[in-house]
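Here's the letter readout for the chains.
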Amino acid sequence: MIIVPSEPFEGGSGLAVTFSLAEGDRVHVLHPQQIVAYRGPSQGRSDRLMNVKGMYRKRKLIQADMSGPCQFVAALPPGFSMKTIELDGDSDLLYDFRHLFYFSDGIQMRSKIISMKNMLITRDAVKMKFSGNGQLGILTQGQVCQQELHPTQPLYVDAGSIIAYPENASLELTVYGNNLASQHMNYHFKMTGHGSVLFQAGRQNQQLEDEINDDGLMKRILREVIPFGSVFIK
């Protein structure tokens, strides 16, 4: 299977990703409405209802099973990109199911219940753990970054930007810095442990664009003056 991301569409209106499947290849696309072009036999695409767990987590009903030989193009929204992850055996990373765009045959998924404090900030009670041999595609806002965790030296990561983290990681919801800094940032996860954490680097782009485009003097003043103003005043 070959996956080739193209250049962004003219005007920054999105990104196209081309999938080329050989005979015997099979992928499951969880956002089938994003498929904008297809070349291959008609029976190479078979849409079906997701299982109940998938419907709840993706808040969608249909997935498309694509079988090779075929080629198709999927369009991604402006500001989004896709990270392809190769799995070979077990992985200890826990993913947010909402980021999953596709997975290939040979990938198994298991649900993992997360702690109550993490549920409150992620708005999700379950993370997904993948194993097996194959590929999965993660939909992200902006570039995907990877940082190694340390057993004792904490890494602070914007809680809403995290894509995946090791199951063994210790997480604490917090802010950091002096009083002014901690009042003007999103909540972060203070993370220690072993392995890598994946996070997206484009979630804050809209806020920066609004500030650059001058969304009103009063709003800007309130964001700076009121504690946690940048969190509550959008």
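Cut-off values and rules
- Residues numbered from 1 in each chain as written.
- Predicted model: local features only at pLDDT ≥ 70, side-chain atom pairs only at ≥ 80, totals over all residues.
- Heavy atoms only, no water.
- Helix = DSSP H or I, 4+ residues; strand = E, 2+ residues; numbered from the N terminus.
- Contact = heavy atoms within 4.5 Å.
- Areas by Shrake-Rupley, 256 points an atom, 1.4 Å probe, with all protein chains shown as cover.
- Pairing = 2+ DSSP bridges.
- Axes fitted to C-alpha atoms, helices over the stretch in contact; angles between N-to-C directions.
- Salt bridge = Lys/Arg side-chain N within 4 Å of Asp/Glu carboxyl O.
- Buried < 20%, exposed > 50% of the residue type's maximum accessible area, 1.4 Å probe, protein only.
- Phe/Tyr/Trp six-rings, centres within 6.5 Å; stacked < 30°, edge-to-face > 60°.
- Core = buried A, V, L, I, M, F, W, Y, C linked by side-chain atoms within 4.5 Å.

Colleague: Explain the overall build of the chain to me, please; I cannot follow it from the model alone.
Modeller: Regarding its fold elements, the chain presents six helices and 17 strands. Sequence-distant contacts in the chain: of pairs separated by 6 or more residues, those separated by 24 or more amount to 71%. Of the accessible surface of the chain, which amounts to about 12,800 Å², a share of 54% is contributed by carbon and sulfur atoms.

Colleague: Sorry, what's going on with the side chain of T192 here?
Modeller: As for its position among the elements, T192 is in strand β16 (residues 188–192). Not counting chain neighbours up to four residues away, the residues in contact with T192 comprise L149, H150, P151, T152, Q153, P154, A169 and S170.

Colleague: Can you walk me through the sheet that holds β16 in this structure?
Modeller: Sheets are built from strands that pair by backbone hydrogen bonding, the pairs being arranged parallel or antiparallel. In spatial order, the strands read β13-β16-β15; together these three strands make up an open sheet with antiparallel pairing. Of all the strands in the sheet, just β13 (155–158) and β15 (170–174) have a single pairing partner and so form its edges. Direction aside, neighbouring strands of the sheet carry axes that sit 30° apart on average. In terms of strand pairing, β15 meets β16 through five bridges, oriented antiparallel. Note that in β16 the partner of E172 across the bridge is K190.

Colleague: Even after reading the chapter, I still don't get unusual backbone geometry, so can you show me in this structure?
Modeller: Trans peptide bonds make up the majority, and among non-glycine residues the majority have a negative phi. Cis geometry is found at the peptide bond from G68 to P69, where omega equals 5°. Tracing the backbone shows P69 in the loop between β6 (62–67) and β7 (70–76).

Colleague: Looking at this structure, how should I read the pattern of salt bridges?
Modeller: Two side chains with opposite charge may pair up if their charged atoms get near one another. Tallied over the entire structure, the rule returns eight salt bridges. Close ionic contact of R45 with D47 constitutes a salt bridge, the shortest N to O distance being 2.9 Å. Exposure remark for R45: the relative accessible area of 32% places this residue in the partly exposed category. Under the relative-accessibility criterion, D47 is labelled partly exposed at 39%. With a closest N to O distance of 3.9 Å, D96 and K127 form a salt bridge. Taken together, the residues span a long stretch of sequence, with D96 in the loop between β8 (80–95) and β9 (100–104) and K127 in strand β11 (residues 126–141) at a distance of 31 residues. Across the pair, K127 and D96 agree in class, each one buried. Residues joined in a network through salt bridges with shared partners are R26, R48, D65 and D105.

Colleague: Any chance you could explain the environment of Q141 here in plain terms?
Modeller: Take Q141: it is sitting in strand β11. For Q141, a relative accessible area of 28% translates into the label partly exposed. Separated by 64 residues in the primary sequence, Q141 and P77 place their C-alpha atoms 9.3 Å from one another.

Colleague: I tried to follow the pairing of β6 on my own but got confused; where do I start?
Modeller: On a regular strand, each side chain points to the face opposite its neighbour's, so the side chains alternate between the two faces of the sheet. By the bridge criterion, four bridges tie strand β3 (residues 26–29) to β6 in an arrangement that is antiparallel. Bridging across to β6, H28 finds its partner in D65.

Colleague: Can you help me understand the environment of G134 in this one?
Modeller: Within the secondary structure, G134 sits in strand β11. Along the primary structure G134 and I107 are separated by 27 residues, whereas in three dimensions their C-alpha atoms are 5.8 Å apart. Setting aside residues up to four positions removed in sequence, G134 forms contacts with I85, E86, L87, S104 and I107.

Colleague: How do you make sense of the packing of aromatic side chains when you look at a structure like this?
Modeller: One pair of aromatic rings is described through two measures. These are the centre distance and the angle between the planes. As enumerated under the stated definition, the model contains four aromatic pairs in all. Ring centres 5.1 Å apart and planes at 90° place the aromatic pair F19 and Y102 in the edge-to-face group. With a gap of 83 residues between them, F19 in strand β2 (residues 15–21) and Y102 in strand β9 connect regions that are remote in the sequence. Of the two residues examined, F19 and Y102, each falls in the buried class.

Colleague: What am I meant to see in the nonpolar core here?
Modeller: Here is a general trend for soluble globular proteins: nonpolar side chains tend to be buried in one another's company. I85, Y95, L100, F130, L136, I138 and L198 are the most contacted members of the largest nonpolar core, which totals 18 residues. Going through the elements one at a time, β8, β9, β11 and β14 (162–166) are the ones with two or more residues in this core. Non-local contacts of I85, meaning those with residues more than four positions away in its chain, are made with Y95, G134, Q135, L136, I138 and L198.

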